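# Architecture and fold: a report
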Amino acid sequence: MREPGVPPLRQLPARVADLLLELNTPPRLAAHLRAVHDVAAQLTAWLTVHYPTLVIDREAVLFGAATHDIGKTVHVEELSEPGCRHEPAGQQLLLDAGIEPSLARFAATHASWRTTAVELEDLLVSLADKIWKAKRVPDLEQLVVDRLAAASGQEPWQAFLNLDDHLDKIAADADHRLAFQHSYSTSTG
């Protein structure tokens, strides 16, 4: 049950919700994807307002956030223990489902944001996957700050302060998102 005044999490895109049903996704994984998708929506909405010259594919970020851990339907053990086998498995699941490679990539790239070929959209999916639970990752945030400063002409310190303030606001609701996720079972039965 939601506390009064706490807005509900956004629904997953219908295309993703249908795929999760088809894959018999564990409820906790679906809840996690919904929480990360909601945070990605908050991030991209903020960027649209505060960095209007920044070019991002908002729909790709939202799709990526909504599917980034879909490989855990194959590697269910990674719902409760560390592992990275879900990353390539998730990308392959999405490709097999007819999802375009440009969208399926997020399942594989959400944890590999340190590579040089990463796009801003990949960084935003990675950031949403961290900040949903109030985890701050300075190196990841710096990569986003660098892109914001370059796109806007702001000094990096100003872009940092702007992003830091917004991430603090998102992180403040982490307990509600964590409670939402943990109210669902890890089993499909």
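Structural data are supplied above this passage.
Here's a quick rundown of the structure. (Residues numbered from 1 in each chain as written. Predicted model: local features only at pLDDT ≥ 70, side-chain atom pairs only at ≥ 80, totals over all residues. Heavy atoms only, no water.)

### Points about helix α3 (residues 58-67)
The buried fraction of α3 is high, at 8 of 10 residues. Among the residues of α3, Ala60, Val61, Leu62, Phe63, Gly64, Ala65, Ala66 and Thr67 are the ones counted as buried. The inward-facing, buried residues of α3 abut α1 (14-22), α2 (27-50), α4 (86-96), α5 (101-109) and α6 (120-131). (Buried < 20%, exposed > 50% of the residue type's maximum accessible area, 1.4 Å probe, protein only. Helix = DSSP H or I, 4+ residues; strand = E, 2+ residues; numbered from the N terminus. Contact = heavy atoms within 4.5 Å.)

### Focus: helix α8 (residues 156-171)
End to end, α8 covers 22 Å across 16 residues, agreeing with the expected 22 Å (1.5 Å per residue, within 8%). Residues of α8 that are buried include every one of Ala159, Leu163, His166, Leu167, Ile170 and Ala171, and no others. The buried residues of α8 occupy an angular sector of 140° when the element is viewed end-on, so they sit on one face. Counted as exposed and oriented over 90 degrees from the buried face of α8: Trp157 and Lys169. Taken together, the buried residues of α8 touch α2, α6, α7 (138-152) and α9 (174-182). (Expected span 1.5 Å × (residues − 1). Arc of directions from axis to C-beta.)

### A word on the pattern of salt bridges
Counting across every chain of the model gives 9 salt bridges. With its nearest N and O atoms 2.7 Å apart, the salt bridge here joins Arg136 to Asp168. One end of the pair, Arg136, is in the loop between α6 and α7; the other, Asp168, is in helix α8, and 32 residues separate them in sequence. You can call Arg136 partly exposed: its relative accessible area is 27%. For Asp168, a relative accessible area of 40% puts it in the partly exposed group. One salt bridge in this structure joins Asp165 and Lys169, with 3.3 Å as the shortest N-O distance. With Asp165 and Lys169 both in helix α8, this residue pair falls 4 residues apart, about one helical turn. Look at Asp165 and you get partly exposed, because its relative accessible area is 40%. A network of salt bridges, in which partner residues are shared, links Arg136, Glu141, Asp164 and Asp168. (Salt bridge = Lys/Arg side-chain N within 4 Å of Asp/Glu carboxyl O.)

### Thoughts on a nonpolar patch on the surface
Taken together, the side chains of Trp157, Phe160 and Leu161 present a nonpolar region at the surface, about 330 Å² in accessible area. With respect to the helices, strands and loops of the structure, Phe160 is situated in helix α8. Judged by relative accessible area, Phe160 falls into the partly exposed class, the value being 36%. (Patch = residues over 30% accessible without salt bridge, like charges linked within 9 Å, V, L, I, M, F, W, Y side chains within 5 Å. Areas by Shrake-Rupley, 256 points an atom, 1.4 Å probe, with all protein chains shown as cover.)

### Considerations on the nonpolar core
Side chains of a nonpolar character, in soluble globular proteins, are inclined to be buried together. Counting residues in hydrophobic clusters, the biggest one holds 52 residues, and the most contacted among them are Leu47 and Leu148. Counting residues per element, this core draws most heavily on α2, at 10 residues. The contact partners of Leu47, leaving out residues within four places of it in the chain, are Pro52, Leu54, Ile56, Leu124 and Leu148. (Core = buried A, V, L, I, M, F, W, Y, C linked by side-chain atoms within 4.5 Å.)

### Description of the packing of aromatic side chains
Tallied over the full model, the rule gives 2 aromatic pairs. Consider the rings of Phe180 and Tyr184, whose centres lie 5.2 Å apart with planes at 70°: the pair is edge-to-face. (Phe/Tyr/Trp six-rings, centres within 6.5 Å; stacked < 30°, edge-to-face > 60°.)

### A few points about the side chain of Asp38
Mapped onto the elements, Asp38 comes out in helix α2. Residue contacts for Asp38: discarding those within four places in its chain leaves Pro8, Leu9 and Arg10.

### With respect to the packing of α3 against α6
Relative orientation of the contacting elements α3 and α6 amounts to 40°, with a least axis distance of 9 Å. Classed by the angle they form, the pair α3 and α6 counts as oblique. For the element pair α3 and α6, the recorded crossing hand is right-handed. Here Val61, Gly64 and Ala65 of α3 lie close against α6, whose contacting residues are Glu121, Leu124 and Val125. Each residue belonging to the contact of α3 with α6 can be placed in one class, and the counts come to 4 nonpolar, 1 polar and 1 charged. (Axes fitted to C-alpha atoms, helices over the stretch in contact; angles between N-to-C directions. Parallel < 35°, antiparallel > 145°, perpendicular 65-115°, else oblique. Left-handed = near helix turned anticlockwise from the far one by under 90°. Nonpolar A, V, L, I, M, F, W, Y, C, P; charged D, E, K, R; others polar.)

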